[in-house]
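Listed here are the chains, written in short residue letters.
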Amino acid sequence: MDNCIFCGIVSGAIPSKKAYEDDTILAFYDLNPQAPVHVLVVPKQHIACADEINESNSGVAAHIFEKIPEIAKSLGLTNGYRIVTNCGDDACQTVKHLHFHLLGGTKMAGEMA
Ligand code: 5GP
Ligand code: ZN
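Residues numbered from 1 in each chain as written. Chains lettered and ligands numbered in written order. Predicted model: local features only at pLDDT ≥ 70, side-chain atom pairs only at ≥ 80, totals over all residues. Heavy atoms only, no water.

Trainee: Explanation requested: the overall build of the protein in the structure shown.
Mentor: On a plain count of helices and strands, the protein comes out with 2 helices and 5 strands. Counting from the amino terminus, helix and strand elements in the protein follow one another as α-β-β-β-α-β-β. Relative to its length of 113 residues, the protein is compact, with a C-alpha radius of gyration of 14 Å against a globular reference of 13 Å. For the protein, the spread of C-alpha atoms along the three principal axes comes to 35 × 30 × 25 Å. (Helix = DSSP H or I, 4+ residues; strand = E, 2+ residues; numbered from the N terminus. Rg over C-alpha atoms; globule rule 2.2 N^0.38 Å.)

Trainee: What is the right way to read the nonpolar core from this model?
Mentor: Soluble globular proteins tend to pack their nonpolar side chains together in the buried interior. Judged by nonpolar contacts, the single largest core of 17 residues is most densely connected at Val 41, Ile 71, Leu 75 and Leu 102. Secondary structure elements with two or more residues in this core: strand S2 (25-29), strand S3 (37-43), helix H2 (58-74) and strand S5 (100-104). No other element matches the 5 residues that H2 contributes to this core. Excluding anything up to four places from it in sequence, Leu 102 contacts Val 37, His 38, Val 39, Ile 68, Ile 71, Ala 72, Leu 75, Leu 77, Tyr 81, Arg 82 and Ile 83. Residues Phe 6, Cys 7, Phe 28 and Val 95 belong to the second largest nonpolar core, which totals 10 residues. (Core = buried A, V, L, I, M, F, W, Y, C linked by side-chain atoms within 4.5 Å. Buried < 20%, exposed > 50% of the residue type's maximum accessible area, 1.4 Å probe, protein only. Contact = heavy atoms within 4.5 Å.)

Next up, the structure:
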């Protein structure tokens, strides 16, 4: 989708440091990490946020969750990790392309919001 930063990263038009890639998903390091390890896992197809997951595209969301353990292991996250997805304005979603923050490498705060 035009004017979508993460579609630009998927296409290679915008550079990123990749952590994992296959035919349908990409994981890359967040530009402004909020934990020692902070990677974003995205579908290559444009889906705006979790609110747009439906019967026809949920397979890629399932695939992301199938791959997260492998990605986390490859990043050395052996003592746990946090997965966060922001959807919409109240959640302060800034990039309107579905993404899962994979955070770890430290003991994180217990509060979620
Ligand atoms: P959100 O607030 O939408 O859940 O998270 C968007 C994330 O994308 C932020 O953590 C932000 O640092 C990251 N981000 C925004 N633009 C870029 C970029 O061009 N490259 C990378 N690697 N991360 C980005
Ligand atoms: Zn996009």
